[in-house]
Amino acid sequence: QVQLVESGGGLVQPGGSLRLSCAASGRIFSIYAMGWHRQAPGAQRELVAAITSGGSTNYADSVKGRFTISRDNAKNTVYLQMNSLKPEDTAVYYCNADVRQVPGGIKNHWGQGTQVNVSS
């Protein structure tokens, strides 16, 4: 009943930029925290950045100063602007969101993931 769809991944050279988007749709009453996680081959999924409904943000130390998370509440969309990309940023990036559904309570939802490859 609620779907998160990511877009914007791809191949970029080291030092380049990408902007990821994640749009939520379905029977949504409101969205609370939204975030981006990533999972590299052979590694555990890790939090990259998160943003509350009020706009407060937090970042993994590895991306501070390079990545910026933002959201458009009117569009139920969260963004991740990634600058100064490094090969170690290569991973599948997933968005997630805490959604109050209609009807129903608050549930955590995940997108299907978008691949980011940083390579020369």
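Keep in mind that this is a model prediction, so the values were computed, not measured.

Counting buried positions along strand β8 (residues 77-82) gives 5 out of 6 residues, so the element sits mostly inside the fold. In the sheet, strand β3 (residues 18-26) pairs with β8 via 6 bridges, with the strands oriented antiparallel. Bridge pairing in β8 links R19 to Q81. Pairing of strand β7 (residues 67-72) with β8, which is carried by 6 bridges, proceeds in the antiparallel orientation. Of the residues in β8, the one forming a bridge with R71 is V78. Linking β7 to β8, which pair antiparallel, is a turn of 4 residues; within it N76 sits at a positive phi near 50°.

With that settled, the discussion passes to the state of the cysteines. Scanning all chains against the criterion turns up 1 disulfide. With its sulfur 1.9 Å from that of its partner, C22 forms a disulfide with C95. Here the residue C22 occupies a position in strand β3, and C95 occupies one in strand β9 (residues 91-101), the gap between them amounting to 73 residues.

As summarised here, the arrangement of the 4 strands in space is β1-β3-β8-β7, forming an open sheet in which the pairing is antiparallel. Because the sheet does not close on itself, it has two edges, and the strands there are β1 (2-7) and β7. Adjacent strand axes in the sheet meet at a mean angle of 15°, parallel and antiparallel pairs treated alike. Judged from the 6 bridges that link them, β1 and β3 form a sheet pairing that is antiparallel. Opposite L4, over in β3, you have A24 as the bridge partner.

The rules behind the values
- Residues numbered from 1 in each chain as written.
- Predicted model: local features only at pLDDT ≥ 70, side-chain atom pairs only at ≥ 80, totals over all residues.
- Heavy atoms only, no water.
- Buried < 20%, exposed > 50% of the residue type's maximum accessible area, 1.4 Å probe, protein only.
- Helix = DSSP H or I, 4+ residues; strand = E, 2+ residues; numbered from the N terminus.
- Pairing = 2+ DSSP bridges.
- Disulfide = S-S within 2.5 Å.
- Axes fitted to C-alpha atoms, helices over the stretch in contact; angles between N-to-C directions.

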